[in-house]
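# What the coordinates show
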Amino acid sequence: MVRNIVVLGGSKQICDHLGIPPAKRLLSKFAVGETRVEIGESVRGKDVFIVQSGAGKVNDNLMELLICISACRTASAKRVTAVLPLFPYSRQSDVPYNKTGAPLVKAPTQTHSRQGTFTFESVPQTPHPGQQASVGLTNGTASLDKQLERIKLTQDRNGTAHAISPIKRSNTLDSQKSENGGYFGTNFGTNGANGTDGSNHNNGRVPIKLPPFEPQPGYKQWVAQAGTLIADLLTCAGADHVITMDLHDPQYQGFFDIPVDNLYGRHMLRKYIQLIPNHQHAVIVSPDAGGAKRATAIADALGMPFALIHKERRPTQINDRQNATMMLVGEVRDRQCFLIDDLADTSNTITRAAKLLKKEGARNVVALITHGILSGDAIERINASALDKVVVTNTVPQEDHKKRCSKLEVLDVGKVFAEAIRRVHHGESISVLFDYN
Ligand SMILES: O=P(O)(O)OC[C@H]1O[C@H](OP(=O)(O)OP(=O)(O)O)[C@H](O)[C@@H]1O
């Protein structure tokens, strides 16, 4: 039994491992929706661990966590540690756009909303010899061409620049209107401020007609970078320490000025693979380049071959993540494949990867994912997909998912977090616990 420690919101596994009962707290809501938190026991001088996962009602959960941390801090807790099995907002740490310039916030897709309508297609398809160049791969300069066309200027015989596009005068621009009805701009002419006709064009500024402002395709809207804010909120609320698992972007730890322990889920995934007979003949596959390091770590540790699926993201519409070509690098024919990723949210990535692997001759495809968020119709998508099995951990509650998906297998991370809590409490090394080799 560990003394002088309080665990709020901890699962039965965590509390059993530590040999303590879960601490009492009362969470409720006012009619207006505000969160109310009441800590049911004294935390004075105690080492407090508050367990809260960043899935489900993410914003409510985050608010509850912040209020809990603050309540413990003001109730004289000696130290407060936020234990976040899945770190909220971790995909929005510092890069608010994906590689195509589209905001990370995903628009709901209409076409994939019902069971049986999923295609798992990579559009445009993976290029094959003899196939025509895909539309997606040619549009890299298309938007630039369009913009150039729109603002293309031509010089008249006198060297004065005029816009070709039709002029629409807005109220704002009217205030800048010159006496002769034009709009002032930079002198693009080669004949100097006065032009060749000798007339003075308003102190050297030649009237040009600007096209009206319209957001162009590929225009990047401003999207908040929530990473620093979340880190600051936790620290301001009074957290002294954070424990989490498989941060989507490990550099996120640098956003904090308190210690962050990022535990590895891959340790459990590796153990799972090791128990499968003849696993040495299988292939470890990363479904995107971002997760290659994670997947190769497992492949290297087990001496297994590795393959990579590369997402070529040049969509035809800026918010269309479906339009990414997926290309396989590596040999998977007649082999079992283990797809490794940190999280599955819509499960688009793993289901499309599974289809590609089967198309390339894979015998069997098992996805091993640390955070099975599985929002929206992700479960239906998995059920209808080429995936033979999906193994996730319970960093996100899986009871409901498990009932709806027979392909799902859940690994328990309770012991891992309990041991991390015990070590932090006693000031023991955490990295030793997760030494890989
Ligand atoms: O289930 P899904 O909705 O398809 O999301 C899962 C994918 O999203 C994350 O990567 P992300 O696409 O954010 O990009 P990155 O790996 O390049 O950072 C994650 O690593 C998965 O690959």
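Residues numbered from 1 in each chain as written. Predicted model: local features only at pLDDT ≥ 70, side-chain atom pairs only at ≥ 80, totals over all residues. Heavy atoms only, no water.

## Concerning unusual backbone geometry
Spelled out, the test is: Helix numbering and strand numbering both begin at the N terminus, where a helix is a DSSP run of H or I of at least 4 residues and a strand a DSSP run of E of at least 2. Think of it in three bands: with a 1.4 Å probe and only protein chains considered, a residue is buried below 20% of the maximum accessible area for its type, exposed above 50%, and partly exposed in between.
With a phi close to 70°, Ser 76 is a non-glycine residue in the positive phi region. Locating Ser 76 in the fold gives a position in the loop between helix H2 (58–74) and strand E5 (79–84). The exposure class of Ser 76 is partly exposed, given its relative accessible area of 31%. Unlike most non-glycine residues, Asp 334 shows phi in positive territory, near 60°. Inspection of the secondary structure puts Asp 334 in the loop between strand E14 (325–329) and strand E15 (336–344).

## Describing the domain arrangement of the protein
Quick note on the threshold: Segment limits for the domains were obtained from an automatic or database-derived domain assignment. When checking whether two residues touch, look at their non-hydrogen atoms; a contact exists if any pair is within 4.5 Å. Take the accessible area each of two parts loses on contact, using a 1.4 Å probe, and add the two losses: that sum is the buried area. In the sections that follow, a salt bridge refers to a side-chain nitrogen of Lys or Arg positioned within 4 Å of a carboxyl oxygen of Asp or Glu. Residues adjacent in sequence count toward polar contacts only when both atoms are side-chain atoms; beyond that, a polar contact is any pair of N or O atoms within 3.5 Å, and within protein one must be able to donate a hydrogen and the other to accept it.
We note that the domain assignment places domain 1 (5–91 + 225–262) and domain 2 (265–406) within the protein. In this assembly, 9 residues from domain 1 lie in contact with 13 residues from domain 2. A buried area of about 970 Å², summed over both sides, lies between domain 1 and domain 2, and 55% of it is on carbon and sulfur atoms. At the junction of domain 1 with domain 2, the criterion picks out 1 salt bridge. At the junction of domain 1 with domain 2, the criterion picks out 7 residue pairs in polar contact (both at pLDDT 80 or more).

## Quick notes on helix H6 (residues 226–237)
Inclusion rule: A helix is expected to span 1.5 Å for every residue after the first.
Spanning 12 residues, H6 covers 16 Å between terminal C-alpha atoms, matching the ideal 16 Å at 1.5 Å per step. Tucked inside the fold, the buried residues of H6 contact H2 and E5. Where H6 ends, the next residue or the one after it, Gly 238, has phi of about 125°, a positive value.

## Quick word on the pattern of salt bridges
Opposite charge on two side chains allows them to pair when their charged atoms are near. By the definition in use, this model includes 17 salt bridges. Among the salt bridges present, the one from Arg 36 reaches Glu 38, with a minimum N-O distance of 3.1 Å. Residue Glu 38 is classed as partly exposed on the basis of its relative accessible area of 36%. Across the salt bridge formed by Lys 389 and Glu 409, the nearest N and O atoms sit 2.8 Å from each other. Of this pair, Lys 389 sits in strand E17 (residues 389–393) while Glu 409 is found in strand E18 (residues 408–411), placing the two residues 20 residues apart along the sequence. Assessed through its relative accessible area of 30%, Lys 389 is described here as partly exposed. When salt bridges with common partners are traced through the structure, they connect Glu 419, Arg 422, Arg 423 and Glu 428 into a single cluster.

## Notes on the packing of aromatic side chains
Using the following cut-off: Aromatic pairing here means that ring centres of Phe, Tyr or Trp (its six-membered ring) are within 6.5 Å. Orientation follows from the plane angle: under 30 degrees is stacked, over 60 is edge-to-face, and everything else is tilted.
In the structure shown here, the tally under the stated rule is 4 aromatic pairs. Judged by centre distance (5.9 Å) and plane angle (85°), the ring pair of Phe 87 and Phe 256 falls under edge-to-face. With Phe 87 in the loop between E5 and helix H3 (135–138) and Phe 256 in the loop between strand E10 (241–245) and strand E11 (260–263), this residue pair connects regions lying 169 residues apart in the sequence. Judged by centre distance (5.8 Å) and plane angle (50°), the rings of Tyr 252 and Phe 256 are tilted.

## Description of the sheet that holds E5
Formally: Pairing between strands requires that DSSP locate at least two bridges from one strand to the other. Convention adopted: a line fitted to C-alpha atoms gives each axis, helices being fitted over their contacting stretch, and angles between N-to-C directions are expressed from 0 to 180 degrees.
Spatial ordering of the open sheet is given by E1-E4-E5-E10-E11, a layout of 5 strands whose pairing is parallel. The outermost strands of the open sheet, each flanked by one partner alone, are strand E1 (5–8) and E11. The average angle at which neighbouring strand axes cross in this sheet is 15°, direction not considered. The strands touched by helix H12 (residues 414–426) are E1, strand E4 (47–51), E5, E10 and E11; relative to E10, the strand with the most contacts, the crossing angle is about 155°.

## Examining the nonpolar core
Worth spelling out the cut-off: Residues enter a nonpolar core if they are buried and are Ala, Val, Leu, Ile, Met, Phe, Trp, Tyr or Cys, with the set joined through side-chain atoms within 4.5 Å.
Formed by 38 residues in total, the largest nonpolar core has its most connected members in Ile 243, Ile 273, Ile 284, Phe 338 and Leu 368. In terms of residue count, H12 provides more of this core than any other element does, 6 residues in total. Beyond its immediate stretch of four places on either side in the chain, Ile 243 contacts Phe 49, Thr 81, Ala 82, Val 83, Leu 84, Asp 261, Leu 263, Phe 417, Ala 420, Ile 421 and Val 424. One finds Ala 23, Leu 65, Cys 72 and Phe 256 within the second-largest nonpolar core, a separate group that totals 30 residues.

## As for the confidence of the model for the protein
To keep things clear, this is the line we draw: As a per-residue measure, pLDDT reflects the predictor's confidence and takes values from 0 up to 100.
For the protein, per-residue confidence averages 78 on the pLDDT scale, and residues scoring 70 or more make up 68% of the total. Segment residues 99–115 is flagged for pLDDT under 50; beyond a separation of four residues in sequence, or across chains, it makes 32 contacts in the model. Low pLDDT, under 50, characterises residues 160–201; the stretch is placed with 70 contacts to residues that sit more than four places away or in other chains. Across the predicted assembly, pTM comes out at 0.72 and ipTM at 0.96.

## Quick word on the pairing of strand E16 (residues 364–372)
Where a strand is regular, its side chains alternate between the two sheet faces. Our working definition: Handedness of a crossover is defined as follows: orient the strands so they point away from the viewer, and if the path from the first strand over the helix to the second runs clockwise, the crossover is right-handed.
Burial analysis of E16 places 8 of its 9 residues in the buried class, which makes it a mostly covered element. Handedness of the E15-helix H9 (residues 348–359)-E16 crossover: right-handed. By the bridge criterion, 4 bridges tie E16 to E17 in an arrangement that is parallel. Its bridge partner lying in E17, Val 366 is registered against Lys 389. What joins E16 to E17 is helix H10 (residues 378–383), and the crossover it makes is right-handed.

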